[in-house]
Structure formats: C-alpha cells, structure tokens
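Okay, here's what each chain looks like letter by letter:
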Amino acid sequence: RDDRGLSGWVSAVVAVVRKYRWMGIPVLHAVNKCLLVYATAPEGRDTIVKVLDVGFLSFLGAFAAVAARPAFVHLRPIVVQVGLAHLFLETVVNGFALPFFSPNSSLAFMPPDMLAHHVFAVVSFAGVLVTGLFQREAVILTAIEMTAALPVVFRQAHTSKRLKRKDVSMLVGGLMVAGFLGRDVWAVYACREVFKGGAVPRAVA
C-alpha cells in the first residue's frame, strides 16, 4: 500500500512537471544570467542584465504576437507559462539576488513602482494559468514586450550622453513615440477583447 501511495505521488509530480514544463525556459535564462553576472566585472554587470532581459522579452513578445492569431492557439499556454515564470524570476533575481550579491556594482534594488508592476503581472498571469480565462488577452498584452528595448535604449543613450546628438535624439525620440503608441493600441485592443468576450476561456477562441 505504501509503495502504491509513493508511486501515486511520483505520478502526480511528473504530471505537474509535464503540464508546466515550459516554465523551465525562464529558469534556464535566470541561471545563465546569474552565471554571466558572476563572470563579469562589476562595472559591466548592469549592461549584461539589461541586454539579456531585453533579448528574452523581445523574443517572447514576438512569439506572443504569433500566438495571438487563431491559427496558433496551441502556443498560448506556452506564452502564459513562460511569461509567469520569467516575471517571477526577474523579480527575485534582478530585484533582490543580484543587488545583494553585487552591492558595489551598478545594479540596484528594483524600485517600488517596478516591483508593484511585477507583482501585479505575476498575480495576473497566475490567475490566467490556473483558471484558463482571458488567455488570448494575456497573450495580446504580452506581445507588447516587443518594445522592451526602447526604455533601455533611451537610458543607455542618456547615460552615454549620445542623446545630445541630434541624429540620435531624433531616432530614439521617434522610436519611443511610435513604440508607446503601439503599446497603447495593443493594450486598448486587449481591453476591448475582455469586455467583448467576458470571463470566457479563450484557449479555443
């Protein structure tokens, strides 16, 4: 009887791992990020973190834009799982772990507004994952991350003082305006879909 009970627990754990296996992708990203930060000189760690996260989020946003189309509905659970795990790990790793282990580097604890944004997003993603509701809308909002590089580009240009150059300022300014207008359009579209469809599972929509 004990053996059957143990095998039942093992089967349950295996089933959960298989169901949420896509969360392993952000785990690999977080491990690689920690390794690279550990191997990099303190003055370059902040840039390493930004580049890694921008690359990951840009791909996730593009992947989500594809998954939002009806023909690729089967990809939506992957977006939700990866988005949830990445946001959680980014909060823990970027917000607490890296600054704690690199107190003399340029890495800083996550500011309260960004921490609140991450917490709210993690809770929202978790709700979508558990209930299966608003899955398509969550994927549409995730596609906004295609523009994740823009705030980092602006900050880097400001830090390097290249923003004072006319050509750089015009390019960055134009991209920022276009990118954030696009983000607003996508967000409004997602909200419209929520109010239009209500709390209906959209995994088959």
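Residues numbered from 1 in each chain as written. Predicted model: local features only at pLDDT ≥ 70, side-chain atom pairs only at ≥ 80, totals over all residues. Heavy atoms only, no water.

Student: I'd like a rundown of the overall build of the chain, residues and numbers included.
Tutor: The number of helices and strands found in the chain is eight helices and zero strands. Along its sequence from the N terminus, the chain presents helices and strands in the succession α-α-α-α-α-α-α-α. For the chain, the proportion of its 205 residues judged to be buried stands at 34%. Sequence separation of 24 or more characterises 72% of the internal contacts of the chain that already satisfy a separation of 6 or more. Approximately 12,600 Å² of the chain is accessible, and the part contributed by carbon and sulfur atoms is 73%. Positive and negative side-chain charges in the chain, numbering 21 and 12 respectively, have mean positions lying 5 Å apart. (Helix = DSSP H or I, 4+ residues; strand = E, 2+ residues; numbered from the N terminus. Buried < 20%, exposed > 50% of the residue type's maximum accessible area, 1.4 Å probe, protein only. Contact = heavy atoms within 4.5 Å. Areas by Shrake-Rupley, 256 points an atom, 1.4 Å probe, with all protein chains shown as cover. Lys, Arg positive; Asp, Glu negative; His and termini not counted. Charge placed at Lys NZ, Arg CZ, Asp CG, Glu CD.)

Student: Can you explain the side chain of Glu 90? Please cite residues and give values.
Tutor: Within the secondary structure layout, Glu 90 lies in helix α4 (residues 76-101). Despite its burial, Glu 90 pairs with no opposite charge; the closest candidate is Lys 33, at 5.1 Å N-O. Beyond its immediate chain neighbours, meaning those up to four positions away, Glu 90 contacts Asp 53, Leu 57, Gly 95, Met 110 and His 118. (Salt bridge = Lys/Arg side-chain N within 4 Å of Asp/Glu carboxyl O.)

Student: So what's going on with the confidence of the model for the chain? Which residues, and what values?
Tutor: In the predicted model, the chain carries a mean pLDDT of 85, and 90% of its residues have values of at least 70. Here helix α1 (residues 2-19) stands out as the element of the chain with the lowest mean pLDDT, 75, in contrast to helix α3 (residues 45-67), whose mean of 92 is the highest. For the stretch residues 198-205, pLDDT sits under 50, and the model shows 22 contacts to residues farther than four places along the chain or on other chains. (pLDDT = per-residue confidence, 0-100.)

Student: With reference to specific residues and values, describe the packing of helix α2 (residues 24-39) against α3.
Tutor: Taken N-terminus to C-terminus, the directions of α2 and α3 make an angle of 160°; their axes are 9 Å apart at the nearest point. Considering the angle they form, α2 stands roughly antiparallel to α3. For the pair α2 and α3, the crossing hand works out as right-handed. Packed against α2, whose contacting residues are Ile 25, Pro 26, His 29, Lys 33, Leu 36, Val 37 and Tyr 38, the element α3 presents Arg 45, Ile 48, Val 49, Leu 52, Asp 53 and Phe 56 at the interface. (Axes fitted to C-alpha atoms, helices over the stretch in contact; angles between N-to-C directions. Parallel < 35°, antiparallel > 145°, perpendicular 65-115°, else oblique. Left-handed = near helix turned anticlockwise from the far one by under 90°.)

Student: Would you mind going over unusual backbone geometry in detail, with residue names and values included?
Tutor: Residues other than glycine seldom take positive phi values, yet Phe 134 does so here, at roughly 55°. For Phe 134, a relative accessible area of 25% gives the class partly exposed. Of note, Lys 161 is a non-glycine position whose phi angle comes to about 65°, a positive value. The class of Lys 161 is exposed, set by a relative accessible area of 53%.

Student: Hey, could you go over the nonpolar core for me, with residue numbers and the actual values?
Tutor: Judged by nonpolar contacts, the single largest core of 23 residues is most densely connected at Val 79, Val 80, Phe 125 and Val 139. Counting residues per element, the ones that place at least two in this core are α3, α4, α5 (112-131) and α6 (135-142). Sort the elements by how many residues they give to this core and α4 lands first, with six residues. What Val 80 contacts, discounting residues up to four positions off in sequence, is Phe 125, Val 128, Leu 129, Gln 135 and Val 139. (Core = buried A, V, L, I, M, F, W, Y, C linked by side-chain atoms within 4.5 Å.)

Student: With reference to specific residues and values, describe the packing of α4 against α5.
Tutor: Packing of α4 against α5 brings their axes to within 9 Å, and their N-to-C directions diverge by 150°. Judged by the inter-axis angle, α4 sits roughly antiparallel to α5. Crossing handedness for the pair α4 and α5: left-handed. Every residue of α5 that contacts α4 at Val 79, Val 80, Gln 81, Gly 83, Leu 84, Leu 87, Phe 88, Glu 90, Thr 91 and Phe 96 is listed here: Leu 115, His 118, Ala 121, Val 122, Phe 125, Ala 126, Val 128 and Leu 129.

Student: Lay out the pattern of salt bridges in plain terms, naming residues and giving numbers.
Tutor: If you walk through the whole model with that rule in mind, you get three salt bridges. A salt bridge links Asp 46 to Lys 50, with the nearest nitrogen and oxygen atoms 2.9 Å apart. Taken together, the positions of Asp 46 and Lys 50, both in helix α3 and four residues apart, correspond to about one turn of that helix. Here Asp 167 ties to Arg 165 by a salt bridge, and the two come within 2.8 Å at their closest N and O atoms.

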